[in-house]
Amino acid sequence: MDKGTLVEFRVQGDRRLGVVDRPDGKTRWFVVDERGQSHSLAPRQLTYIVDGQTYQPSEIANFLEQVNPYLDPSSLEVAWEILVEDGETITPGKMANLLFSESEAVHCYAAHCLLSEDKLYFKQKGEAYEPRSAAQIAERKHQIEVESQKAKGQQEFLARVEQALNGESVEWQRLDRQRLETLEKYAALMADIVRLGVNFDSLARAYPPPAPVLETMNMLGRSATPQAAFQLLIDLGWWSSHENLFLRRSSIPVQFPNKVLEVAQQRLDFPPTDLDVNRLDLTHLKVYTIDDESTTEIDDGLSWELLPDGQERLWVHIADPTRWLIPEDELDLEARKRGSTVYLPTGMIPMFPEVLATGPMSLVQGKICCALSFGIVLNQTGSVEDYCIHPTLMKPTYRLTYEDVDEMLELGVEAEPEIAAIANLAKRRKTWRYNQGAISINMPEAMIKVKDDDISIDILDDSSSRQLVAEMMILAGEVAARYGQTHNIPLPFRGQPQPELPPEEELLQLPPGFVRSCAMRRCMPKSEMSITPVRHAGLGLDTYTQATSPIRRYSDLLTHFQLKAHLRGEVLPFSPEQLKEVMMTVTSTTQEVTMVERQTNRYYALEYLRRHPEQVWQITVLMWLREDSNLALILLEDLGLQLPMAFRRSVNLGEQLSVKVSLADPQKDMIQFQEIIYQESQLAN
């Protein structure tokens, strides 16, 4: 090329003109642009050479001024209409002649600019351009429209984001919601920090962001990581700062499908025919339901009856949700998918729609209710002497709280002698079970509640009333299992292998109380499910099934389906193989529910401790997690919480110490304590 030749090249994608100055080696050229900047360019970097004359860098601006009047992209449509029929290619020089009837340098360069920038009518083919077909142009116009709408949508989304970040009310659009829901799924990966024990950097590497997340985060100028997505959703007011990521990462449905809600309402409006036409009428009995004050699904009640021969009969009345559904219908399948009611500090997620669960399915005070009732006579030792099971009609007389019953037992309320009678039979029953090898492990249990961002933690007392109710539920479970065993009915039997407890001399070396209980708890094997009877060592029973919470536990509902069909003389709804298959599914689901409940409780426990950094807590060292590194499990006595703590000195099991929280990060599942060591002078004061 000659010195002074005008050439086009690109700098970071921008079109630029320059004048050839001199060679740079054998193949490259120094080119000076209108700003006087010199560029070393290879021939392949040149996108156009202006023929006809030589130029000075100072003349580039004037040249561009002459070109500008010709840069009308709409003129290409006319050229395309002329050329498309023949389909011939065209050079910038020929295009200049066609468009402007001239082919001077200015006109040729203008034609080059139009063609190289055109995305609609022509496509480059070597150094020439080929007209697109009409079909291609129609498709290109559609793509351009789509891209335009997308760009418009993005701008509108950004405007709504700005509103939300400023604390203004925003009406999110459908596409906004899709975008934010994609962010939700990605942000919920933070729950894996707890599950897998990984750090944030490892999490980001393990889960690269999907394209929609990357696009959104880049658009908003934020890093595309799970924690950044989490923070964005909080900033937008889309999530609360304590969003339950464990629940979001689970497969647990939070809302009921509309179809299920419609079916529930239909059942309420048009009750199905009761298949149990010969229900035993027990409405003459006084019935007590005993629950926490906040309980809304009331699924058990108790009665005491003195028989003509002087014997006492206990009645355990269990709610009868199968009155309102049949196996494999919409309500049943939805309950099966859920596995159980989920109990979280922030509230519960029911197994059945609330309109049924807290209404006709529950044992509501003062209303005649359908129940499955277990009538039981105990002998003097506490074992079951006689029993019967009936679908019944009963009428709850009193709805009591555990505190009510504790007070009645303590005061010996004469007007309600049935309560005292039931309590005495419960004690007899408990004594019998422990004589059969039942194992008692008493550890404090924290009950965490969240209301309006206030967190409260109370210790669940193992009071007389709770022991009474627990014994009656275990008794009903044994009776249900014995009936199933006697009649060869496949049920979801629950068992527990015999634990290998530490030798007594070894236990006696441990401090009494919580440390010993903790050591025994470690030895307790997991409970097992079986369709045939199996011993439950922990309860001291040869056979057992859960039957007392059919509104809240699907395995209990299965027991009801099977028992009630047999009582009616019908074919069982579940064969052994079918029952086993359903149990496997439900067990997997309930394990997930248990994990979410445990993780959520731990989150709010750490959040509670984070909010009380100056509080001094009394702790007991329960057991070693890693003795070589002084990592122990401690019990915060006032809260009933069991958490890890690394000690900087040697401590003994059972030792009681004072600690403060030095670090609590519930999102990262981190908790650290520091021991408070008092001087003798402080102790004296």
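A brief structural summary. (Residues numbered from 1 in each chain as written. Predicted model: local features only at pLDDT ≥ 70, side-chain atom pairs only at ≥ 80, totals over all residues. Heavy atoms only, no water.)

## A word on the sheet that holds strand β24 (residues 656–665)
So, point 1. If you walk across this open sheet you meet the five strands as β23-β22-β21-β24-β25, and the pairing is antiparallel. Two strands lie at the open edges of the sheet, namely β23 (641–646) and β25 (670–675), each paired on one side alone. On average, each strand axis in the sheet is tilted by 45 degrees relative to the strand beside it, whichever way the strands run.
So, point 2. Sheet topology places β24 next to β25; six bridges connect them, and they run antiparallel. By the bridge assignment for β25, V661 is matched with F673.
So, point 3. Set on the sheet, helix α19 (residues 514–523) makes contact with β21 (617–626), β22 (631–636) and β23; between it and β21 the angle comes to about 35 degrees.
So, point 4. Seen against the sheet, helix α21 (residues 576–610) touches β21, β22, β23, β24 and β25 and runs at an angle of roughly 65 degrees to β23. (Pairing = 2+ DSSP bridges. Helix = DSSP H or I, 4+ residues; strand = E, 2+ residues; numbered from the N terminus. Axes fitted to C-alpha atoms, helices over the stretch in contact; angles between N-to-C directions. Contact = heavy atoms within 4.5 Å.)

## A closer look at the packing of aromatic side chains
So, point 1. Using the criterion set out here, one finds 12 aromatic pairs in the structure.
So, point 2. Sitting over the ring of F157, R179 keeps its end group 4.8 Å from the ring centre.
So, point 3. Of note, R338 hangs over the ring of F256, and the distance from its end group to the ring centre comes to 3.6 Å. (Phe/Tyr/Trp six-rings, centres within 6.5 Å; stacked < 30°, edge-to-face > 60°. Lys NZ or Arg CZ within 6 Å of the ring centre and 35° of its normal.)

## Considerations on helix α4 (residues 105–117)
So, point 1. In this model, α4 (13 residues) spans 18 Å end to end at C-alpha, consistent with the 18 Å of a helix rising 1.5 Å per residue.
So, point 2. Of all 13 residues in α4, 11 are buried, a share of seventy percent or more.
So, point 3. Along α4, the positions that sit buried rather than exposed are A105, V106, H107, C108, Y109, A110, A111, H112, C113, L114 and L115. (Expected span 1.5 Å × (residues − 1). Buried < 20%, exposed > 50% of the residue type's maximum accessible area, 1.4 Å probe, protein only.)

## Some points on the pairing of strand β4 (residues 38–41)
So, point 1. Taking every second residue as pointing to the same face, the buried face of β4 carries H39 and L41, while none of S38 and S40 on the other face is buried.
So, point 2. One ladder, built from four bridges, connects strand β3 (residues 28–33) with β4; its direction is antiparallel. Within β4, the position partnered with W29 by the bridge is L41.
So, point 3. Once β3 ends, the chain turns through four residues before running back antiparallel as β4, passing G36 with a positive phi of about 85 degrees.

## Considering the sheet that holds strand β1 (residues 6–11)
So, point 1. Strand order across the open sheet formed by five strands is β4-β3-β2-β1-β5, with antiparallel pairing between neighbours. Each having just a single partner strand, β4 and β5 (46–50) make up the two edges of the open sheet. Averaged over all adjacent pairs, the angle separating strand axes in this sheet is 40 degrees, with direction ignored.
So, point 2. Relative to β5, β1 runs antiparallel, the two being bridged by four bridges. Bridge assignment links V7 to a residue of β5, and that residue is I49.
So, point 3. Taken strand by strand, helix α1 (residues 60–67) contacts β1, β2 (14–24), β3 and β5, and its axis lies near 140 degrees from that of β2.

## Looking at the nonpolar core
So, point 1. Counting 63 residues, the largest nonpolar core has L609, L636, L641, F647 and F673 as the members making the most contacts within it.
So, point 2. The element best represented in this core is α21, accounting for eight residues.
So, point 3. Setting aside residues no more than four positions away along its own chain, L636 makes contact with L609, W617, Q618, I619, L641, L643 and F673.
So, point 4. Core analysis: the second largest hydrophobic core is formed by 36 residues, L302, A423, M473 and A480 among them. (Core = buried A, V, L, I, M, F, W, Y, C linked by side-chain atoms within 4.5 Å.)

## Some details on the packing of helix α20 (residues 554–567) against α21
So, point 1. Running from N to C, α20 and α21 point in directions that differ by 160 degrees, and their axes come no closer than 10 Å. When the axes of α20 and α21 are compared, the pair comes out roughly antiparallel. As for how α20 packs across α21, the hand of that crossing is right-handed. Contact residues: Y554, L558 and Q562 in α20; L579, V582, M583 and V586 in α21.
So, point 2. Here the residues of the contact of α20 with α21 sort into six nonpolar, one polar and no charged. (Parallel < 35°, antiparallel > 145°, perpendicular 65-115°, else oblique. Left-handed = near helix turned anticlockwise from the far one by under 90°. Nonpolar A, V, L, I, M, F, W, Y, C, P; charged D, E, K, R; others polar.)

## Focus on a negative patch on the surface
So, point 1. Taken together, the side chains of E293, E403, D404, E407, E410, D458, D461 and D462 make up a negatively charged region of the molecular surface.
So, point 2. Among the elements that take part in the negative patch, helix α15 (residues 402–411) stands out by supplying four residues, more than any other.
So, point 3. Considering the arrangement of structural elements, one finds D462 in the loop between β18 (454–460) and α17 (464–486). (Patch = residues over 30% accessible without salt bridge, like charges linked within 9 Å, V, L, I, M, F, W, Y side chains within 5 Å. Areas by Shrake-Rupley, 256 points an atom, 1.4 Å probe, with all protein chains shown as cover. Salt bridge = Lys/Arg side-chain N within 4 Å of Asp/Glu carboxyl O. Lys, Arg positive; Asp, Glu negative; His and termini not counted. Charge placed at Lys NZ, Arg CZ, Asp CG, Glu CD.)

## With respect to the environment of W432
So, point 1. Tracing the backbone shows W432 in helix α16 (residues 417–435).
So, point 2. What makes W432 buried here is its relative accessible area of 13%.
So, point 3. Residues W432 and R132 lie 300 residues apart in sequence; the distance between their C-alpha atoms is 92 Å.
So, point 4. Apart from the residues within four sequence positions on either side, W432 is in contact with T381, G382, S383, E478 and L541.

## Quick notes on the side chain of R267
So, point 1. Looking at where R267 falls in the secondary structure, it is placed in helix α12 (residues 258–269).
So, point 2. Of note is the side chain of R267, whose polar atom sits 2.8 Å from the backbone oxygen of W324.
So, point 3. Dropping the residues within four chain positions of it, R267 is found in contact with P272, W324, L325, D329, E330 and L331. (Polar contact = N/O pair within 3.5 Å; in protein donor to acceptor, adjacent residues only side chain to side chain.)

## As for the pairing of strand β11 (residues 312–319)
So, point 1. Across the eight residues of β11, six count as buried, placing the element largely inside the fold.
So, point 2. Where strand β10 (residues 300–306) hands over to β11, the hairpin turn is made up of five residues, of which G310 adopts a positive phi near 90 degrees.
So, point 3. Where β11 lies against strand β14 (residues 369–378), six bridges are found, and the strand directions are antiparallel. Counted as the bridge partner of A319 is A371 from β14.

## Let's talk about the pattern of salt bridges
So, point 1. Counted according to the given criterion, the structure contains 44 salt bridges.
So, point 2. A salt bridge links R336 to D332; its shortest N-O distance comes to 3.2 Å. In this pair, R336 and D332 both sit in helix α13 (residues 330–338), four residues apart, roughly one turn of the helix.
So, point 3. For R336, a relative accessible area of 13% translates into the label buried.
So, point 4. Note that D453 is salt-bridged to R611, the shortest N-O span being 3.1 Å. In this pair, D453 sits in the loop between β17 (445–451) and β18 while R611 sits in the loop between α21 and β21, placing the two residues 158 residues apart along the sequence.
So, point 5. Several salt bridges share partner residues, and in doing so they unite D274, D276, R279, D320, R323, K564, R568 and E570 into one network.

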